[in-house]
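Given next are the chains, with one letter for each unit.
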Amino acid sequence: MASIGSAVYLSTFLLEKNRINGKGPSLLVSDWIEEAGEAGFSGLEIWMNHLLFSSRSEWELIRDRSSEADFPISMISAVVPADSSDKSQRYRDAIIEACDYFRPNGLKFSLPGGKGIGPESLDSIKEWSRDVPREIGLLFDGGENAGPAEIETARKVLEGERYKAVLHPFLFAPKELEKALTVAGDFIANLGVQAKLGGEWILLEDNAAENRRIIAATHAKGFKGTWSMEYTKGAGLKGEIIEDLFDNAEKDLNFLIESHARAAVGR
């Protein structure tokens, strides 16, 4: 992959047309590993539901194909419930099992509902996270609207070098993003790529000038963490086609690479 100074992962959540309707996964992760590597992504971020509802033979196939393609399973992403119900405990146990099996670099976790960065919930998740293998980093995703105040709340609770956070840069204005990166500093370790215009997900090139300013801001602030392609044009629309979503994610990857190159030479 052409260098932008950090790794860019493809999230399997982006490809999943049943991401929010509760019908269960519509794809096998193993089918997309070779293609994602050939497209130029640095690694795969696997949505936990793609593991929870798949067979152990699929887990083995994911790991084998990842090894054969030299394309790492870099991250697992999951919504981690903080309540004490048996169902939630089983889900948290499944996340631990997946982390033990795949040994990704990071576990990206969020709270149910994508809101409410409450210290009490975060304290509960921090206690649980002690069972995640120590070499796996823990990245808190506070959701689309998590800005400087929310990130600061998370940092006060999630103390320690192991804990980092996620921002979604294309949902900020450039100046707002600069402020968020300044306040958060190296607590931000991953940037989730999801851009909107008129209430719909778009290609980065569909709002090119604004999105280049966003990328330039991350470059100017010296961001050296990872990026994850989480949404792209076509997501959430009726009749989603996985192949089209993949092609659009590849377009966004190429836009990101090209825009970083421009920012590096001040264009």
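See the structure above.
Now for a look at the structure at hand. (Residues numbered from 1 in each chain as written. Predicted model: local features only at pLDDT ≥ 70, side-chain atom pairs only at ≥ 80, totals over all residues. Heavy atoms only, no water.)

**A closer look at the sheet that holds strand 10 (residues 226–229)**
Worth spelling out the cut-off: Pairs of strands are assigned from DSSP output, requiring at least two bridges between the strands. Here a strand is any run of E in DSSP of at least two residues, a helix any run of H or I of at least four, and the numbering for each starts at the N terminus. A fitted line through C-alpha atoms serves as each axis, taken over the contacting stretch for helices, and the angle formed by two N-to-C directions is quoted from 0 to 180°.
In space, the eight strands of this closed barrel follow the order 1-2-3-4-5-6-7-10, with parallel pairing throughout. Across the sheet, the mean angle separating the axes of adjacent strands is 25 degrees when strand polarity is ignored. Both strand 3 (residues 73–79) and strand 4 (residues 106–110) contribute to a ladder of five bridges, which runs parallel. Counterpart to V79 in the pairing with strand 4 is S110.

**Digging into the layout of surface pockets**
Using a probe with the size of a water molecule, rolled over the atoms, empty space left in the structure can be pinpointed. Defined as follows: Here a cavity means grid points, on a 1 Å grid over the protein atoms only, where a 1.4 Å probe fits yet cannot get out; a pocket means an open set of points with protein on both sides within 12 Å along at least five of seven lines; lining residues are those with an atom within 4 Å of a point. Grid points are joined across faces, edges and corners, and a volume is the space filled by probe spheres set on the points.
Approximately 920 Å³ is the volume found for the largest pocket. Taken together, 31 residues line the largest pocket, and the ones lying closest to its centre are F13, W47, A78, V79 and S110. For the lining of the largest pocket, the elements supplying multiple residues, two or more each, are strand 2 (43–47), helix 3 (48–52), strand 3, helix 5 (86–102) and strand 4. The dominant element in the lining of the largest pocket, judged by the number of residues it contributes, is helix 5, at four residues.

**As for the pairing of strand 2**
Basically, it comes down to this: Here's how the labels work: a residue is buried when its accessible area is under 20% of the maximum for its type, exposed when over 50%, partly exposed in between, all with a 1.4 Å probe on protein chains only.
The buried count for strand 2 comes to five of five residues, which makes it a mostly enclosed element. Of the two faces of strand 2, the one carrying G43, E45 and W47 and the one carrying L44 and I46 are both buried. Where strand 1 (residues 8–11) and strand 2 come together, three bridges link them in parallel fashion. Within the sheet, the bridge partner assigned to S11 lies in strand 2 and is E45. Relative to strand 3, strand 2 is paired through four bridges, and the arrangement is parallel. Residue pairing for strand 3: L44 is matched across the bridge by I73.

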